[in-house]
Amino acid sequence: AWAESVLPTADLVVCSMPPAATATLYESWMVAPPAGVIVDIASIKTPLIAPIRRLQAAGASVASIHPMFGPSVVLLRECDVVICDTGDAVATATVAELFTSTTARLISLPLEEHDRQMADALTLAHATVIAFALALPEAGVPVRSTTLGALQTLSANLVRESPDVYYEIQALNPNSAGALDRLAGALNRLRDAIRSRDAGAFTALMPEGEGKTGPS
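Residues numbered from 1 in each chain as written. Predicted model: local features only at pLDDT ≥ 70, side-chain atom pairs only at ≥ 80, totals over all residues. Heavy atoms only, no water.

Visitor: Run through the pattern of salt bridges, naming residues and quoting values.
Guide: This structure, assessed with the given rule, holds eight salt bridges. For the salt bridge of Lys45 with Asp40, the shortest nitrogen-to-oxygen distance reads 2.5 Å. Note that Arg116 and Glu113 form a salt bridge whose closest N and O atoms lie 2.6 Å from each other. Given the relative accessible area of 21%, Glu113 is considered partly exposed. Via salt bridges that share partners, Arg189, Glu208 and Lys212 belong to a single interconnected network. (Salt bridge = Lys/Arg side-chain N within 4 Å of Asp/Glu carboxyl O. Buried < 20%, exposed > 50% of the residue type's maximum accessible area, 1.4 Å probe, protein only.)

Structure follows, in structure tokens:
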């Protein structure tokens, strides 16, 4: 009740909800938007683009960011914060200024470009880790290699996150299908090389992967 009473005059309104819920909230503000800068931290922007444009048309000042880290992070060293350009320079500068005293790396992207980049940064990465977790045997693995341990730790952390949020990250990004097709294609290439006992095809996969995972 207190939050709702001060919302109209707040200087900054930060919307920390899943993308679909944020879009619904924005729609409810169309008649009388808050006077301050409105900013979401959603991982996917496609559901928000139309509501943001309508809020702006209604006179609202709207920014959009994507902190590329979870709530367990305390220091922002080597952490990326994506600042999406909504076309409102003042709102964008206001939220970017929140991070100027930190060591976070600020990355600017057009609002409409965000989800194309997230198809690789989120869809592909999350799907790979979830698939690994699902492929583990029910009885567990009695021995532990360095690679297995690293992947188990990564997957254990991810699968404990909100499945609803991770579903939206996958399903509400129109670019997800392409990333998942590439993942399936890569797995098929690996499987085919092993099944056919094609050492040349297999060894070619390693330097190809190295070329994509090296320093950018």
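Visitor: Please set out the packing of helix α8 (residues 176-195) against helix α9 (residues 199-213) residue by residue, giving values where relevant.
Guide: Two elements in contact, α8 and α9, have axes separated by 8 Å at closest approach and are oriented at 145 degrees. On α9, the residues that touch Arg189, Leu190, Ala193 and Ile194 of α8 are Ala201, Phe202, Leu205 and Glu208. Per-class residue counts for the contact of α8 with α9 are six nonpolar, no polar and two charged. (Axes fitted to C-alpha atoms, helices over the stretch in contact; angles between N-to-C directions. Helix = DSSP H or I, 4+ residues; strand = E, 2+ residues; numbered from the N terminus. Contact = heavy atoms within 4.5 Å. Nonpolar A, V, L, I, M, F, W, Y, C, P; charged D, E, K, R; others polar.)

Visitor: Give me the lowdown on the pairing of strand β2 (residues 37-40), citing residues and values where you can.
Guide: Residue alternation in β2 divides its side chains into two sets, Val37 and Val39 and Ile38 and Asp40, and both sets are buried. As paired elements, strand β1 (residues 12-15) and β2 share four bridges and run parallel to each other. Residue pairing for β2: Val13 is matched across the bridge by Ile38. Taken together, β1, helix α2 (residues 19-28) and β2 constitute a β-α-β crossover, and its handedness is right-handed. Bridging between β2 and strand β3 (residues 61-67) involves four bridges; their strand directions are parallel. If you follow Ile38 over to β3, its bridge partner there is Val62. (Pairing = 2+ DSSP bridges. Right-handed = clockwise from strand over helix to strand, strands pointing away.)

Keep in mind these numbers describe shape, not what the thing actually does.
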